[in-house]
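These are the residues of each chain, in order.
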Amino acid sequence: MINFLLAQMKKHREIVSYLVVGGLTTVVSLAVYYGSVLTFLDPHNAIQLQCANVLSWVCAVAFAYVTNRIFVFRSHSRDVLHEASSFVLARVGTLLMDMAIMFIGVTVLGGSDKVMKLFDQVVVTVANYVFSKVFVFREGQKP
């Protein structure tokens, strides 16, 4: 019974931590995206829209790797290069998803880039957790 309770506490700690870190990562991503399109990039230009999207992604991934490694998954892997590479590769997958959602929602359907970016962040955050849990910060990689 105690082991079950401890396992449930651990499971919930990770999810709550991920939601907090994911929320902060979303803030980083949105701040960079909105800062870009409000100052030097035009979201009505398809190429500049994607530039703003990629710039926000790069900043968010750098923030997310460090915070996920330390606070969410508490990784102690000594092979940081492999772990970081796996993390970035997984995030490239969700970047492609992100770009497709923005392209379809804004460029093809003519929706608001601000609204689509919020929707996009929800989808990407869920996908990122699954990829991180399954492919990057696996239990077997911890000492």
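Because the structure is predicted, anything quoted here is derived from the model rather than measured. All residue numbers here refer to positions counted from 1 along the written sequence of the relevant chain. Per-residue local features of the predicted model are confined to residues with pLDDT of at least 70, and side-chain atom pairs are confined, for both listing and counting, to 80 or more; whole-chain, interface and lining totals are unaffected and use all residues. Each side-chain value is derived from all of the structure's non-hydrogen atoms; neither hydrogens nor water enter the calculation.

Draft legend 1. Region of the structure containing helix α2 (residues 46-72). Pairs of N or O atoms within 3.5 Å make up the polar contacts considered here, provided that, within protein, one atom can donate a hydrogen while the other can accept it, and that residues adjacent in sequence are counted only when both atoms are side-chain atoms. Only DSSP runs of H or I covering at least 4 residues are called helices, and only runs of E covering at least 2 are called strands; the numbering of each starts at the N terminus. For α2, the N-terminal cap is Asn 45; the gap from its side-chain oxygen to the backbone nitrogen of Ile 47 is 2.9 Å. Count one or two residues on from α2 and you reach Arg 74, which has phi positive near 45 degrees.

Draft legend 2. Representation of the pattern of salt bridges in the model. Within this document, salt bridges are pairs made up of a side-chain nitrogen of Lys or Arg and a carboxyl oxygen of Asp or Glu, the two lying within 4 Å of each other. In this structure the tally under the stated criterion is 5 salt bridges. Here Asp 98 makes a salt bridge to Lys 117, at a shortest N to O gap of 3.4 Å. Taken together, the residues Asp 98 in helix α3 (residues 80-108) and Lys 117 in helix α4 (residues 113-136) connect sequence positions 19 residues apart. Residue burial is assigned from relative accessible area. The probe radius is 1.4 Å, only protein chains are included, and a residue is buried under 20% of its type maximum, exposed over 50%, and partly exposed in between. For Asp 98, a relative accessible area of 3% corresponds to the buried category. One salt bridge in this structure joins Lys 117 and Asp 120, with 3.5 Å as the shortest N-O distance. Taken together, the residues Lys 117 and Asp 120, both in helix α4 and 3 residues apart, mark about one turn of the helix. Comparing Lys 117 with Asp 120 shows no difference in burial state: the two are buried. One continuous salt-bridge network, built from bridges that share partners, spans Asp 98, Lys 117 and Asp 120.

Draft legend 3. Molecular detail of the packing of aromatic side chains. Ring geometry is summarised as follows: Phe, Tyr and Trp rings, the Trp one being its six-membered ring, pair when their centres sit within 6.5 Å, and such pairs are stacked at plane angles under 30 degrees, edge-to-face over 60 and tilted between the two. This structure, assessed with the given rule, holds 8 aromatic pairs. Arranged with centres 4.8 Å apart and planes meeting at 15 degrees, the rings of Phe 73 and Phe 137 form a pair that is stacked. A residue pair is termed long-range when its members are at least 10 positions apart, and Phe 73 in the loop between α2 and α3 and Phe 137 in the segment after α4 qualify at 64 residues. Classification of Phe 73 as buried rests on a relative accessible area of 1%. Note on criteria: charge over ring means Lys NZ or Arg CZ within 6 Å of the ring centre, with the direction from the centre no more than 35 degrees off the ring normal. If you follow Lys 117 out to its NZ or CZ, it ends over the ring of Tyr 33, 5.4 Å from the centre.

Draft legend 4. Highlighting the nonpolar core. Of all hydrophobic cores here, the largest spans 14 residues; its most connected members are Tyr 18, Val 72, Phe 73, Phe 87, Val 136 and Phe 137. Of all the elements in the fold, those that place two or more residues in this core are α1 (2-39), α2, α3 and α4. In plain words, nonpolar cores are sets of buried Ala, Val, Leu, Ile, Met, Phe, Trp, Tyr and Cys residues tied together by side-chain atoms within 4.5 Å. Membership of the second largest hydrophobic core comes to 9 residues, among which are Val 37, Leu 49, Ala 52 and Ile 101.

Draft legend 5. Seen up close, a nonpolar patch on the surface. Only residues above 30% relative accessible area that lack a salt bridge enter a patch, with like-charged residues linked at up to 9 Å and the nonpolar side chains Val, Leu, Ile, Met, Phe, Trp and Tyr linked at up to 5 Å. To measure how exposed things are, a 1.4 Å probe is used in the Shrake-Rupley method; for residues, cover is taken only from the protein chains shown. A cluster of nonpolar side chains, namely Val 122, Val 126, Val 130, Val 134 and Phe 135, defines an oily patch on the protein surface of about 440 Å² accessible area. Within the element layout of this structure, Val 126 appears in helix α4.

Draft legend 6. Representation of the side chain of Arg 91. For Arg 91, the position within the fold is in helix α3. We score Asp and Glu as negative and Lys and Arg as positive, and we do not count His or the chain ends. Among buried charged residues, Arg 91 stands out as having no salt bridge; its nearest opposite-charge side chain is Asp 98, 9.6 Å away. Among residues more than four places away in sequence, those in contact with Arg 91 are Tyr 18, Trp 57, Val 61, Ala 64, Asn 68, Asn 128 and Ser 132. Two residues form a contact once any of their heavy atoms are found within 4.5 Å.

Draft legend 7. Looking closely at the packing of α3 against α4. Axis angles are defined between N-to-C directions and span 0 to 180 degrees, where every axis is a line fitted to C-alpha atoms and, for a helix, only to the segment in contact. Running from N to C, α3 and α4 point in directions that differ by 155 degrees, and their axes come no closer than 9 Å. It follows from the interaxial angle that α3 and α4 lie roughly antiparallel. The handedness of the crossing between α3 and α4 comes out as right-handed. By residue class, the composition of the contact of α3 with α4 is 14 nonpolar, 6 polar and 6 charged. Here roughly perpendicular refers to angles of 65 to 115 degrees, roughly parallel to angles under 35, roughly antiparallel to angles over 145, and oblique to all remaining angles. Left-handed is the label given to a crossing in which the near helix is rotated counterclockwise from the far helix by less than a right angle, and right-handed is the label when the rotation is clockwise. By the convention adopted, Pro, Cys, Tyr, Trp, Phe, Met, Ile, Leu, Val and Ala count as nonpolar, Lys, Arg, Asp and Glu as charged, and the other residues, Gly among them, as polar.

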